[in-house]
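# Descriptive analysis of the structure
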Amino acid sequence: MTQLRNQPSSDSVGQIGNLRRIVNPPAPLGRARRVRALLPLCLALIFSASPRAQPAALAPVVSKPVSRIVDLPGEILPFLTVSLHAKVPGYVDRVLVDRGSMVKQGDLLVTLSAPELKTQIAEAESKVQAAESDRRQAEAQLAAVQSTYERLKKAAETPGAVAGNELTLAEKQVDAAQELVRSRRQATTAAQSVVEARKELEAYLTITAPFDGVVTDRFAHPGALAGPGAEAALLVIQQVAHLRLVVPVPEEDVGGVEAGASVPFRVPAYPARTYTGTVARIAHALDAKTRTMPVELDVFNRDGSLAPGMYPTVNWPVRHSRPALFVPRTSVVTTTERTFVIRNSDGRAEWVDVKKGAAEGDLIEVIGNLRAGDMVVRRATDEIRDGAPLQSIGVKR
């Protein structure tokens, strides 16, 4: 019986031929003899047609938190950077720094020369003097008409001494003089504002450092024309004591980004040294082209060994908020149509579609209709058909 079960289909055909010869023997036989001869062959055919349970080693689905380290590329940028331009037209007089110069906030960097601006200031100051003269003259006229008005008013206390229209005319003259004084004062204030504006523009002829940093580029030289319309900057200053480390985090790992986390990284210039940065700013939006989210880390460059433009390797910690399910790598079957594991469901094979996640040693994360503790075939293949009986030969954990 066992031999017939394991033989290919050609042997089964031979057995059927023998069955026919027994059913139709060359010589007449009794009914009982024919039944006894037919029974073993019928049982052999029945057992050979039924499926045989396939032996398989099983492994449990394991649930555990996901925490791993991936190496991501990053870029170091200055925390502050500025290109200095001239606000007013002028010629470069002096450049007091050069590329690589360390500067402090407020340090004088460049001086410009603009003779026409000095002329404008002198002209505005002369207008202030003229306005002051007009104001003093108007105030003198006001004092005169007020004195006249006061005398007439006192004389009008004697009946018939002063005509009524003379007192009214004197009062109107006082009102007009007061308005003239107010207008002269406003003119003086306006002229002084013009002088202050010209002097503020003159202050732009001296360019100072807006923050502590280093001069990374110099484009200006004495005698060059500078101004708002010039395309090239005079100087470029970057803050290098405080740096930004920008890391493009892949879409599948953005869920574990935590503000304030400390992240180590290395740079090719110092491969044996490990630096650290703190997660400070998260973009909360993915780049449409790379499908990554920019995350900025604050890095304090106390010894000056780091520089903007470096491309470090960041040991990025990947964390998930919920535990993940893991199975042996050999339990996942990938075909042209699907990716699945074979679960033992009451002694029968059940194909369960999954998606593969991150690998961790001999295990791999799977996402699908599985639960922790489910038993899956450890070495699965698509030859184990869905619904086929399984015979467990041991559980390996």
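The preceding data block contains the structure.
Residues numbered from 1 in each chain as written. Predicted model: local features only at pLDDT ≥ 70, side-chain atom pairs only at ≥ 80, totals over all residues. Heavy atoms only, no water.

### A look at the overall build of the protein chain
Put simply, the rule reads: Think of it this way: any DSSP run of H or I at least four residues long counts as a helix, any run of E at least two long counts as a strand, and we number them from the N terminus. We call a residue buried when its accessible area falls under 20% of the maximum for its residue type, exposed when it is over 50%, and partly exposed in between, using a 1.4 Å probe and counting protein chains only. Residues count as neighbours in contact if any of their non-hydrogen atoms are within 4.5 Å of one another.
When helices and strands are counted, the protein chain shows five helices and 24 strands. Burial statistics for the protein chain: of 397 residues in total, 33% are counted as buried. The long-range fraction of contacts in the protein chain, counting pairs at least 24 apart against all pairs at least 6 apart in sequence, stands at 74%.

### Section: the pattern of salt bridges
Formally: The term salt bridge refers to a pairing of a side-chain nitrogen on Lys or Arg with a carboxyl oxygen on Asp or Glu at a separation within 4 Å.
Counted by the stated rule, this structure contains 19 salt bridges. E202 is paired through a salt bridge with K118; the nearest N and O atoms lie 3.1 Å apart. Residue E202 is located in helix 5 (residues 164-203), and its partner K118 is located in helix 4 (residues 115-155); the two are separated by 84 residues in the primary sequence. The closest approach of N and O atoms between D303 and R273, which form a salt bridge, is 2.7 Å. With D303 in the loop between strand 16 (292-300) and strand 17 (313-319) and R273 in strand 15 (residues 270-282), this pair connects stretches of sequence that are 30 residues apart. Sharing partners across several salt bridges, the network here consists of E132, R135, R136, E139 and R185.

### Some remarks on the sheet that holds strand 10 (residues 213-218)
Strands in a sheet are paired, the pairing made by backbone hydrogen bonds, and the direction either parallel or antiparallel. Rules: Paired strands are those between which DSSP finds at least two bridges.
The strand order 5-12-10-7 describes an open sheet built from four strands, whose pairing is antiparallel. Of all strands in the sheet, those with a lone pairing partner are strand 5 (81-84) and strand 7 (102-103), marking the two edges. By the bridge criterion, four bridges tie strand 10 to strand 12 (residues 235-238) in an arrangement that is antiparallel. Residue pairing for strand 12: V214 is matched across the bridge by Q238.

### Things to note about the environment of T278
Its place among the elements puts T278 in strand 15. A C-alpha to C-alpha distance of 5.0 Å links T278 and L297, two positions 19 residues apart in sequence. When neighbours within four sequence positions are excluded, T278 is seen to be in contact with G260, A261, E296, L297 and D298.

### Digging into the environment of Y91
Mapped onto the fold, Y91 is located in strand 6 (residues 90-95). Distance from Y91 to P222, taken between C-alpha atoms, is 7.5 Å for residues 131 residues apart in sequence. Sequence-distant contacts of Y91, defined by excluding residues within four places in its chain, comprise T111, L112, S113, G223, A224 and L225.

### Focus on the packing of aromatic side chains
Let me state the cut-off plainly: What counts as a ring pair is set by centres within 6.5 Å for rings of Phe, Tyr and Trp (its six-membered ring), and what kind of pair is set by the plane angle: stacked under 30 degrees, edge-to-face over 60, tilted for all other angles.
Throughout the structure, instances matching the rule amount to two aromatic pairs. Aromatic pair F265 and Y275: ring centres 5.6 Å apart, planes at 20°, arrangement stacked. Taken together, the positions of F265 in strand 14 (residues 262-267) and Y275 in strand 15 put the pair ten residues apart, joining distant regions of the chain. For the pair F265 and Y275, one class covers both residues: buried. The interplanar angle of 15° and the centroid separation of 4.1 Å between the aromatic rings of F340 and W351 together place this pair among those described as stacked.

### Some words on the sheet that holds strand 15
Stated formally: Comment: axis = line fitted to C-alpha atoms, over the contacting stretch for helices; angle = value between 0 and 180 degrees taken between N-to-C directions.
A sheet is described by the order of its strands in space; here seven strands give the open sequence 3-17-14-15-16-13-4, paired in antiparallel fashion. Among the strands making up the open sheet, the edge pair consists of strand 3 (67-73) and strand 4 (75-78). Taking each pair of neighbouring strands and ignoring which way they run, the sheet shows an average axis angle of 40°. Pairing analysis gives nine bridges linking strand 13 (residues 242-250) to strand 16, with the strands arranged antiparallel.

### Concerning the pairing of strand 12
Side chains of strand 12 alternate between two faces, with L235 and I237 and V236 and Q238 buried alike. The pairing of strand 5 with strand 12 spans four bridges and is classified as antiparallel. From the neighbouring strand, T81 faces strand 12, where its bridge partner is Q238.

### Things to note about the environment of T290
Under the convention used in this document: As used in this structure description, the phrase polar contact means that two N or O atoms lie within 3.5 Å; if the pair is within protein, one of them must be able to donate a hydrogen and the other to accept it, and residues adjacent in sequence are counted only when both atoms belong to side chains.
As for its placement among the helices and strands, T290 is situated in the loop between strand 15 and strand 16. When its relative accessible area of 48% is taken as the criterion, T290 is described as partly exposed. Considered as a pair, T290 and P250 are 40 residues apart in the sequence and their alpha carbons are 8.3 Å apart. A polar side-chain atom of T290 sits 2.7 Å from a polar atom in the side chain of T292.

### Some details on the side chain of Q238
Relative to the elements of secondary structure, Q238 occurs in strand 12. Using a relative accessible area of 17% as the deciding quantity, one classes Q238 as buried. Ignoring any residue separated from it by four or fewer positions in sequence, one finds Q238 in contact with P78, L80, T81, F211, G213, V214, T216 and P308.

### A short note on the nonpolar core
Keep this limit in mind: Only buried residues count toward a nonpolar core, which is a set of Ala, Val, Leu, Ile, Met, Phe, Trp, Tyr and Cys residues joined through side-chain atoms within 4.5 Å.
With 24 residues, the main nonpolar core has F265, L306 and W316 as its most contacted residues. Counting only elements with at least two residues in this core, the list comes to strand 3, strand 13, strand 14, strand 15, strand 16 and strand 17. At four residues, strand 13 tops the list of elements feeding residues into this core. Filtering out sequence-adjacent residues up to four positions away, F265 remains in contact with I76, L245, R273, T274, Y275, T276, G277, V299, L306, P312, T313 and V314. If you look at the next biggest cluster of nonpolar residues, it comprises 22 residues, including L84, V88, L117 and A220.

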